[in-house]
Amino acid sequence: MAMNVQPIPSVSERINEVRLLTAAIVNREILPNENMLWADHRGGHTTEGDREEARALRSSVRAKVREAGLWAPHLPEEYGGAGLDFLELAYMKEVLAYAVGASSLFGVMAPNSGNQLILVRYGTEEQKQKWLLPMIEGHMQSGFSMTEPDQPGSDPRSLRTTARRDGDEWVINGHKWFTSNGMEADFFIVMCRTDDGGGEADRNSRMTQIIVPSDTDGVKILRGIGVWGGTSDHCEIVYDNVRVPLENQLGETGSGHQAAQDRLGAGRIYHCMNSIGQMWRAFDLMVERAAERTVHGGVLESKQFVQGFIADSYMDISAARLMTINCAEKMRDGSYPRTDISAIKVFVPAAYERVVDRAIQVWGAAGITDDLPLAAMFQTARSLRIIDGPDEVHRILIAKNVSGHHRSGGTWDFGN
Ligand SMILES: Cc1cc2nc3c(=O)[nH]c(=O)nc-3n(C[C@H](O)[C@H](O)[C@H](O)COP(=O)(O)OP(=O)(O)OC[C@H]3O[C@@H](n4cnc5c(N)ncnc54)[C@H](O)[C@@H]3O)c2cc1C
């Protein structure tokens, strides 16, 4: 089944061009090969022949992406990226997310992509040469090491990992977990507390992000944490008297909290567009199965329970998509729609979870097998309600912003 992407009359020519070019690669090169492309990543019985074929297929798709000028769409052209603007990239994301793993074939893979943006924005020329360019070329992997097992990730300013200056080195001590891509990473960007001098009001300015090569003495990767009943590369890591040169610091001392906000704020809009692409796929799978499967004397699509699933999912996707595009347009226009970002961060993963849940139900037992992408999507949707700030934190922020606005004399203007 191909993704149906047609030009959208209300957007720019470039957005339509990017979406159609992306859809052509997704539909022609990725969807028909979805199982084989990732054969070497699946557990179970894969032969060396399968693994070789998978690697060859991936490099042939990557070559086509480069030919289409869409490689690393999140990065500026000067760093070998496609140089898309905010809205172009947001609209591209939903198309990319339709197929399993398509993003990585276009050179966008978390957490590398977020780290690349931080390096573009905060890195020195030397750091860019050493860490950014090899990562963009696919010769290096990275991780972002912020969350700690003993501190609440929903209040990142409470983290305890310290970096102490000793001569021309930082000495880092701390305990992190859920550092994604930890097994593959050649370096980590580690969020550290670099100054305890300020008072309570100064909590944000104590944080600094520091680049730590993964083979530095004292970096101890304890395990890939088991999640959802399987192994993962979300790693638990101890940094034990890890010494790196002062020049590994990213940006000014104390800019770490701001850098994390820069990474997460815009990133949340892109993550939501990813979720929408995946919902779109789950929806198409549900509708397709409902049209084909006959139970109790009729196809599923003729049963009102299933019609309800289709209608509710249509509304979930449309609402999630319009909210997210509205938010992306505000970002493009130069504002930082903090309340809207929190609103989509809560609404979209919940809608995604509902849509996938219904699609699984329509597929019956097949819905929870690895033959379809639905089971993995369900786990992703559930996890997204925790990642990048749990639902509760964003709900609180929405309510505080609205009430604060009210206290300062204004009712909320939903038109802006
Ligand atoms: C799959 C996955 C990948 C991840 N990748 C990374 C990564 O690469 N790097 C990294 O640094 N981190 C990563 N994380 C960690 C993630 O960012 C944190 O899990 C998240 O910020 C929440 O922190 P926590 O788990 O410590 O939960 P806590 O902060 O302990 O919160 C637990 C629960 O408390 C509730 N809660 C929190 N605050 C409030 C409140 N004010 N009022 C009411 N209830 C509240 C919420 O329900 C929340 O879920 C990843 C997590 C997952 C699941």
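## Side note on the overall build of the protein chain
Consideration 1: Broken down by element type, the protein chain carries twelve helices and ten strands.
Consideration 2: A compact globule built from 416 residues would reach a C-alpha radius of gyration of about 22 Å, and the protein chain, at 22 Å, matches this within 12%.
Consideration 3: Expressed along its principal axes, the backbone C-alpha trace of the protein chain runs to roughly 75 × 65 × 45 Å.
Consideration 4: Expressed as a percentage of the 416 residues in the protein chain, the buried residues total 39%.
Consideration 5: Across the protein chain, contacts joining residues at least 24 apart in sequence account for 68% of those joining residues at least 6 apart.

## Some remarks on the pairing of strand β1 (residues 142-145)
Within a regular beta strand, the side chains point alternately toward one face of the sheet and then the other, so they alternate between its two faces.
Consideration 1: Both faces of β1 are covered, namely the face carrying Ser142 and Phe144 and the face carrying Gly143 and Ser145.
Consideration 2: Sheet analysis places β1 next to strand β4 (residues 187-193), joined by four bridges and oriented parallel. Its bridge partner being in β4, Ser145 is matched across the sheet by Val190.

## Describing the nonpolar core
Consideration 1: Counting 101 residues, the largest nonpolar core has Ile210, Val212, Met279, Ala282, Val356 and Ala359 as its most contacted members.
Consideration 2: Apart from the residues within four sequence positions on either side, Ala359 is in contact with Ala282, Phe283, Leu285, Met286, Gly367 and Leu374.

## Topic: the site of the ligand
Consideration 1: Around the ligand sit 20 residues, and of these Met146, Pro152, Gly153, Ser154 and Pro390 come closest.
Consideration 2: When contributions to the shell around the ligand are tallied by element, the ones reaching two or more residues are β1, β3 (169-179) and α12 (391-407).
Consideration 3: Among the elements that take part in the shell around the ligand, α12 stands out by supplying three residues, more than any other.
Consideration 4: Each residue belonging to the shell around the ligand can be placed in one class, and the counts come to ten nonpolar, nine polar and one charged.
Consideration 5: When we break the shell around the ligand down by domain, the ones giving at least three residues each are domain 2 (142-250) and domain 3 (258-407).

## Notes on unusual backbone geometry
Consideration 1: Following Ala110, the chain continues into Pro111 via a peptide bond in cis, with omega recorded as 0°.
Consideration 2: Summarising the element assignment, Pro111 is placed in the loop between α5 (102-105) and α6 (112-122).
Consideration 3: The backbone of His296 sits at a positive phi, close to 45°, despite the residue not being glycine.
Consideration 4: Within the secondary structure, His296 is located in the loop between β9 (294-295) and β10 (298-299).

## Focus on the packing of α6 against helix α8 (residues 256-292)
Consideration 1: Interaxial distance between α6 and α8 falls to 10 Å at its minimum, and their mutual angle equals 130°. Between α6 and α8, the crossing angle belongs to the class labelled oblique. The chirality of how α6 crosses α8 is right-handed. Residue-level inspection shows Gly114, Leu117, Ile118, Arg121 and Tyr122 of α6 in contact with α8, the latter providing Ala259, Asp262, Arg263 and Gly267.
Consideration 2: Of the residues belonging to the contact of α6 with α8, the class tally is four nonpolar, two polar and three charged.

## Some points on helix α4 (residues 86-96)
What sets the pattern is the α-helix's 3.6 residues per turn: residues three or four places apart point alike.
Consideration 1: Counting buried positions over the eleven residues of α4 gives nine, a clear majority of the element.
Consideration 2: Where α4 is buried, its residues contact α1 (13-30), α5, α8 and α9 (304-332).

## Let's talk about the domain arrangement of the protein chain
Consideration 1: Its domain assignment divides the protein chain into domain 1 (13-108), domain 2 (142-250) and domain 3 (258-407).
Consideration 2: Put simply, the middle of domain 1 and the middle of domain 3, counted by C-alpha atoms, are 22 Å apart.
Consideration 3: The partner domain 3 presents 14 residues to the twelve residues of domain 1 that form the contact.
Consideration 4: Of the residues contributing to the side of domain 1 that touches domain 3, the split by class is nine nonpolar, no polar and three charged.

## Here we look at helix α7 (residues 125-136)
Consideration 1: Those residues of α7 lying buried are Trp131, Leu132, Met135 and Ile136. Summarising the axial view, the buried residues of α7 lie within an arc of 125°, below the 170-degree limit, and thus occupy one face. Turned more than 90 degrees away from the buried face of α7 sit Glu126 and Gln129, all of them exposed.
Consideration 2: Among the structural elements, α6, β1, β4 and β5 (207-213) are those in contact with the buried residues of α7.
Consideration 3: Looking one or two residues past α7, Gly138 carries a phi angle of roughly 85°, positive in sign.

## A few points about the environment of Phe305
Consideration 1: Mapped onto the fold, Phe305 is located in helix α9.
Consideration 2: Here Phe305 falls in the exposed class, since 10 other C-beta atoms lie within 10 Å of it.
Consideration 3: Note: C-alpha distance between Phe305 and Val362 (57 residues apart in sequence) is 9.8 Å.

## So, the packing of helix α10 (residues 338-363) against α12
Consideration 1: Running from amino to carboxyl end, α10 crosses α12 at an angle of 145°, the nearest separation of the two axes being 9 Å. Read as a crossing pair, α10 and α12 show a hand that is left-handed. Across the interface between the two elements, Arg338, Thr339, Ser342, Ala343, Lys345 and Val346 of α10 pack against Asp391, His394, Arg395, Leu397, Ile398 and Asn401 of α12.
Consideration 2: Residues of the contact of α10 with α12, tallied by class, amount to four nonpolar, four polar and four charged.

About the thresholds
Within each chain, residue numbers correspond to sequence positions counted from 1 in written order. Residues qualify for local features only when their pLDDT is at least 70, as the model is predicted, and side-chain atom pairs are given and counted only at 80 or more; totals for whole chains, interfaces and linings, by contrast, use all residues. Helix and strand definitions here come from DSSP, where helices need a minimum of 4 consecutive H or I residues and strands a minimum of 2 consecutive E residues; each element is numbered from the N-terminal end. Only C-alpha atoms enter the radius of gyration; for comparison, a globular chain is expected to reach 2.2 Å times N to the power 0.38, where N is the number of residues. Put plainly, a residue is buried at 20 or more neighbouring C-beta atoms within 10 Å of its own, exposed at 12 or fewer, and partly exposed in between, counting only other residues' C-beta atoms, which are placed from the backbone. Note on contacts: residues are paired as contacts if their backbone-placed C-beta atoms lie within 7 Å. The pairing criterion is simple: DSSP has to find at least two bridges between the two strands. The nonpolar core is taken to be a set of buried Ala, Val, Leu, Ile, Met, Phe, Trp, Tyr and Cys residues joined by way of C-beta atoms within 7 Å. For each residue, a C-beta position is placed from the backbone atoms; the residue is near a molecule or strand when that point lies within 6 Å of it. For this classification, Asp, Glu, Lys and Arg are treated as charged, while Ala, Val, Leu, Ile, Met, Phe, Trp, Tyr, Cys and Pro are nonpolar and the rest, including Gly, are polar. Each domain's extent is set by a domain assignment, obtained either automatically or from a database. Under this scheme, a helix contributes an axis fitted over its contacting stretch, all axes are lines through C-alpha atoms, and angles between N-to-C directions fall in the 0 to 180 degree range. Should an angle fall under 35 degrees it is taken as roughly parallel, and over 145 as roughly antiparallel, whereas 65 to 115 is taken as roughly perpendicular and any remaining angle as oblique. Put simply, a crossing is left-handed when the front helix is turned counterclockwise from the back one by less than a right angle, and right-handed when it is turned clockwise. Arc definition: it is the arc formed by the directions from the helix axis to the C-beta atoms.

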